[in-house]
Structure formats: C-alpha cells, structure tokens
Amino acid sequence: MRMIDHFLAGPVPAATRHGDVFDPNAGTVQARVALGDAAVLDAAVAAAQAAQPGWAATNPQRRARVLFRFKELVEANMDSLAHLLSSEHGKVIADARGDIQRGLEVIEFACGIPHALKGEYTPGAGPGIDVYSMRTPIGIGAGITPFNFPAMIPLWMSGVAIACGNAFILKPSERDPSVPVRLAELFSEAGLPDGILQVVHGDKTMVDAILDHPAIGAVSFVGSSDIAHYVYRRGVDAGKRVQAMGGAKNHGIVMPDADLDQVVADLSGAAFGSAGERCMALPVVVPVGEQTADRLREKLIPAIHALRVGVSTDADAHYGPVVNAAHRARVEQWIQTGVDEGAELVIDGRGFALQGHEQGFFIGPSLFDRVTPTMESYREEIFGPVLQIVRANDFEEALRLPSEHQYGNGVAIFTRNGHAAREFAARVNVGMVGINVPIPVPVAYHSFGGWKRSAFGDVNQHGMEGVRFWTRVKTVTQRWPDGAPDGSNAFVIPTMG
C-alpha cells in the first residue's frame with residue numbers, strides 16, 4: 001500500500017503511528033500517512049533555523065523568481081495534481097483544478113513581493129535625522145490547513161510567508177495529504193532551498209507541538225470554529241502571532257426584484273458544489289416576502305433534482321462524494337436534526353447510492369424550507385450538500401439574520417436595486433459581502449477573512465494583510481554626524497529635552 005511520509009530537509013524520524021487515507025469514491029483505504037510528533041517537528045524546525053537566515057538575506061527579486069518558476073511547474077503539472085487531489089478529497093476534477101488555481105493566484109500576488117515589502121521613509125524628521133521602516137520576516141511560520149482545500153489554503157499561507165523571507169512548516173489535513181507534499185516537491189524543483197518549506201503530518205499531537213514550539217513565531221489555521229478558538233488561545237498564550245479562521249453559515253438574501261433564474265443557477269453551484277464542503281458555500285437562502293419564497297422554491301426543486309452526483313472523475317457530475325464515512329454520517333445526522341426540529345424536508349438526500357460505487361461516501365442534495373433562526377440545524381455549520389430556506393418578511397429581517405448569526409464569514413444579496421445593495425453591504429455584520437455574487441471570495445490581491453466566530457485574530461489572509469501577518473515592522477531613526485570625531489558637534493533630538 002502507498003505510504004505518505006513527511007517532507008523534511010533532513011532525515012525523517014521513523015513513524016510509530018499512521019492514519020488511513022481513503023478513496024471517497026470507493027469507500028476503501030488507498031494509502032497510509034505517517035502521523036508525526038514533537039520529534040518530527042523538532043527535526044523540521046532545526047532544518048528551518050539553518051536555512052531561514054540565508055533565505056531572508058536573498059533579495060526579494062530572487063525570491064520572487066523561485067515563485068515564478070514554481071507557478072510554471074504547477075501549471076505544467078495541473079492535470080496530475082487535480083487528479084491526485086480529487087482521488088483523496090472526492091471533489092470533481094473541475095473543482096480540483098479550481099482549488100489549485102485559486103492557490104496559484106496568491107502565488108502570482110506573491111511574485112510581486114519586492115513592491116509589497118517596500119517600507120516607509122521620512123527625510124528630515126529632525127535636524128539631520130531621517131526615519132525609515134522596513135518589514136522583516138517573522139523567522140519560522142507554520143500553517144495548519146483543512147481537508148476541504150488541500151491545495152488552495154496551503155498556497156495561500158506558504159506563498160506569502162515564503163516570499164517575505166520566512167521558513168514555513170505546513171501541517172496539512174491527514175485526510176488528503178498527498179497534494180501538499182507534491183507542492184513542496186515542486187517548490188524544491190523550482191529552486192527553493194532545502195528547509196524553507198517542509199510538510200509534517202499528524203493529528204492533535206502535531207498541532208499542539210506546533211503551537212507550543214518556541215522557535216515558531218506565527219501560526220495560520222483554517223478549520224472549525226471550536227478548534228480555531230483553541231488554536232488561537234494556545235498559540236497566543238505561547239507568545240505567537242496567530243490567525244485562526246473558523247466555520248461559517250453564509251446567507252444569500254434574495255430580494256423580490258432579483259433575477260430568480262440566475263439566483264437558482266448560482267445556488268446550485270454555491271450550495272452544492274464540492275458537496276458543500278466549503279467555508280464559503282451558501283447553505284442558507286433568505287427570500288424576502290412569501291411570494292418571493294414560493295417562486296424561488298418552485299424553481300429550486302427541479303434544479304436540485306437535475307444535479308448529477310457522480311465519481312470525482314465524471315466530467316458531467318456536479319459534485320462527488322464527501323471526504324469520508326464519518327463526515328457523511330455527520331451530515332445525515334444534521335438532516336435528521338432539521339426534521340426533528342420541525343423544518344420541512346422538501347428533498348431528502350440521505351441514503352443516496354451510486355450504482356457501481358455503493359460503498360462510496362455519497363450524499364444526495366437536500367433542501368429544507370421553513371427553517372427558523374431558533375433551530376440548531378440553522379445555527380450550526382452542516383458542511384454538506386444541504387440548502388436551507390429561511391423566509392424573511394422584509395429587508396430589515398433579512399439583514400438581521402446574518403448579522404445576528406454566530407458566524408460572519410460571507411454573505412450575498414441578490415437584487416437589481418443599487419440602494420438596497422449599498423445599504424446591505426454597509427450595515428451587515430459579516431466580513432465578506434457579495435452583491436449578485438454567490439461566493440464572495442476576494443481576489444488574491446485583496447484579503448480573506450470573516451468576523452465573529454468565523455475568525456480569531458486581527459489580520460486576514462493573503463493580499464497585503466498576509467504580508468503584514470508574516471512580517472514585523474522595524475523602524476530606524478538615523479543621523480550621520482558631520483562634526484569632529486570627539487563628538488563636540490553632537491546634539492540632542494528636540495523631543496528629548
């Protein structure tokens with residue numbers, strides 16, 4: 001059976017524990033991954049400490065050239081990477097390519113790092129005194145990434161961190177670890193020095209080792225909110241800079257004047273694409289007014305029935321299996337919870353079996369109507385192919401629903417009314433807003449980050465926010481004396497008395 005090991009610059013300590021990596025289409029174990037511990041992390045940190053000073057001393061333009069070359073290699077290997085990603089995660093090939101491409105867009109941003117690292121300069125801040133600031137690397141950073149985007153999120157973190165002159169240790173999800181290792185191999189092929197990017201596998205044991213290690217200066221995390229909060233608290237207590245992105249329950253507000261055909265087309269992809277395993281999925285739709293709700297429901301039902309669930313290599317499939325049996329059971333339990341709470345289950349995706357792949361981790365699409373804000377199935381993240389209709393009487397009620405929800409990652413409004421859209425965007429208590437855009441993930445040169453329990457920490461991911469997270473500001477006040485060597489011409493800065 002295929003074994004997936006750590007990607008380290010030096011010798012790899014022998015693994016004493018392993019985890020199963022499944023083929024979600026067949027429901028069978030396809031590989032085993034080494035699960036590391038503090039000894040593995042110590043080896044990675046030692047290699048990072050040896051390599052990072054030289055990488056930081058490499059001028060930004062030369063660092064950018066490595067990123068340019070890496071981008072070329074990923075593009076040349078896109079087909080094999082997408083199939084590898086799909087084989088472990090279960091998302092269809094088109095979604096797998098999108099996963100990789102959105103990560104590459106951050107690499108493209110990071111290729112401009114010489115410009116992004118420019119500091120500030122003030123000449124003549126005092127008599128003969130100049131003041132300037134510069135951004136310096138943190139040193140060693142770490143990323144802890146989830147299973148749902150095994151290429152995009154590691155690239156969001158590592159690309160900017162490495163471009164800024166840091167060494168980076170990645171702990172990807174043990175559920176689909178092969179693509180992160182392959183990306184590290186391509187970085188090495190692109191000319192990245194040994195020790196600058198390493199991959200360690202593991203579970204909570206490895207996570208805690210990363211959070212506690214004194215040589216790691218910053219940690220970026222994406223996962224569920226409870227774990228994000230834990231990572232943030234433990235990392236900050238250890239003196240680290242931490243950004244921890246959590247869960248979501250994104251809403252799509254549908255105004256009476258919206259183009260419902262377009263809304264349904266958008267919801268089909270945003271709610272059910274990648275089997276709903278996305279923190280920026282749109283699992284809640286909020287039609288304003290009973291007439292809007294009835295019209296939307298009437299159009300949604302045939303569109304959902306038309307969705308094709310298939311193996312991840314099926315080019316005609318809209319989505320594939322979920323990542324493993326435990327996650328399928330969790331999603332199906334949330335569907336049952338919704339039924340028990342009194343929501344109307346319009347379409348039930350439980351018990352779906354794909355002919356020839358009956359042991360695969362498939363779930364059909366589900367649709368609920370008349371969901372209310374008091375229901376637990378509404379308050380919590382389901383993270384599966386389930387869409388909930390929550391009816392609102394008017395604009396103000398529709399605005400309150402996402403604003404008062406515990407999560408605040410993304411939200412969308414569908415309308416032809418510019419004033420309503422502007423008012424909504426200004427007032428809604430959510431970090432990322434789409435106007436007639438169902439999944440408002442910002443482009444790479446802006447930043448990604450939610451509010452409330454969707455994010456812990458003050459700095460967002462990628463864009464200039466990412467540069468700020470992976471660097472520290474050093475400010476220099478300088479004067480070059482022009483007097484006698486004995487200092488007789490010395491002076492005191494006026495603000496010092």
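Anything mentioned here points back to the structure above.
To start, this report covers the structure provided alongside it.

Rules and cut-offs
Residues numbered from 1 in each chain as written. Predicted model: local features only at pLDDT ≥ 70, side-chain atom pairs only at ≥ 80, totals over all residues. Heavy atoms only, no water. Helix = DSSP H or I, 4+ residues; strand = E, 2+ residues; numbered from the N terminus. Expected span 1.5 Å × (residues − 1). Contact = heavy atoms within 4.5 Å. Buried < 20%, exposed > 50% of the residue type's maximum accessible area, 1.4 Å probe, protein only. Pairing = 2+ DSSP bridges. Axes fitted to C-alpha atoms, helices over the stretch in contact; angles between N-to-C directions. Phe/Tyr/Trp six-rings, centres within 6.5 Å; stacked < 30°, edge-to-face > 60°. Lys NZ or Arg CZ within 6 Å of the ring centre and 35° of its normal. Disulfide = S-S within 2.5 Å.

### Some words on helix α2 (residues 60-76)
Then comes step 1: With 17 residues, α2 should reach 24 Å at 1.5 Å per residue; the first-to-last C-alpha distance of 25 Å fits that figure.
Then comes step 2: Among the structural elements, α1 (38-57), α3 (78-89), α4 (93-110), α5 (113-116), α6 (152-163) and α7 (178-189) are those in contact with the buried residues of α2.

### With respect to the environment of A110
Then comes step 1: Take A110: it is sitting in helix α4.
Then comes step 2: For the pair A110 and D340, spaced 230 residues apart in the sequence, the C-alpha separation amounts to 49 Å.

### Comments concerning α7
Side chains three or four residues apart in an α-helix point the same way, a direct result of the helix having 3.6 residues per turn.
Then comes step 1: Relative to the 16 Å expected for twelve residues at 1.5 Å per residue, α7 spans 17 Å between its end C-alpha atoms, a close match to the ideal helical length.
Then comes step 2: By the burial criterion, the buried members of α7 are S178, V179, P180, V181, L183, A184, L186 and F187.
Then comes step 3: Immediately beyond the C-terminal end of α7, within one or two residues, lies G191, with a positive phi of roughly 110 degrees.

### What about the sheet that holds strand β9 (residues 218-222)?
Then comes step 1: An order of β8-β7-β6-β9-β10-β20 is seen for the six strands of this open sheet, with the pairing classed as mixed. What marks the edges here is a single partner per strand, and that holds for β8 (197-199) and β20 (455-456).
Then comes step 2: For β9 and strand β10 (residues 241-245), the ladder comprises five bridges, and the chain directions are parallel. Paired with A218 across the two strands is R241, which belongs to β10.
Then comes step 3: Packed on one face of the sheet, α6 meets β6 (140-144), β7 (167-171), β8 and β9 and runs near 165 degrees to β7.

### Looking at the packing of aromatic side chains
Then comes step 1: Evaluation of the coordinates by the stated rule reveals nine aromatic pairs.
Then comes step 2: Relative to W470, the ring of F168 lies with its centre 5.6 Å away and its plane at 75 degrees, an arrangement referred to as edge-to-face. Residue F168 is located in strand β7, and its partner W470 is located in the loop between α16 (463-469) and β21 (471-479); the two are separated by 302 residues in the primary sequence.
Then comes step 3: Exposure remark for F168: the relative accessible area of 0% places this residue in the buried category.
Then comes step 4: Within the aromatic cluster, the residues linked to one another by ring pairs are F168, F469 and W470.
Then comes step 5: Of note, K91 hangs over the ring of F149, and the distance from its end group to the ring centre comes to 4.1 Å.

### Side note on the state of the cysteines
Then comes step 1: Enumeration over the complete set of coordinates arrives at zero disulfides.
Then comes step 2: The thiol of C111 is not disulfide-bonded; the next cysteine sulfur, from C164, is found 13 Å away.
Then comes step 3: The class of C111 is buried, set by a relative accessible area of 8%.

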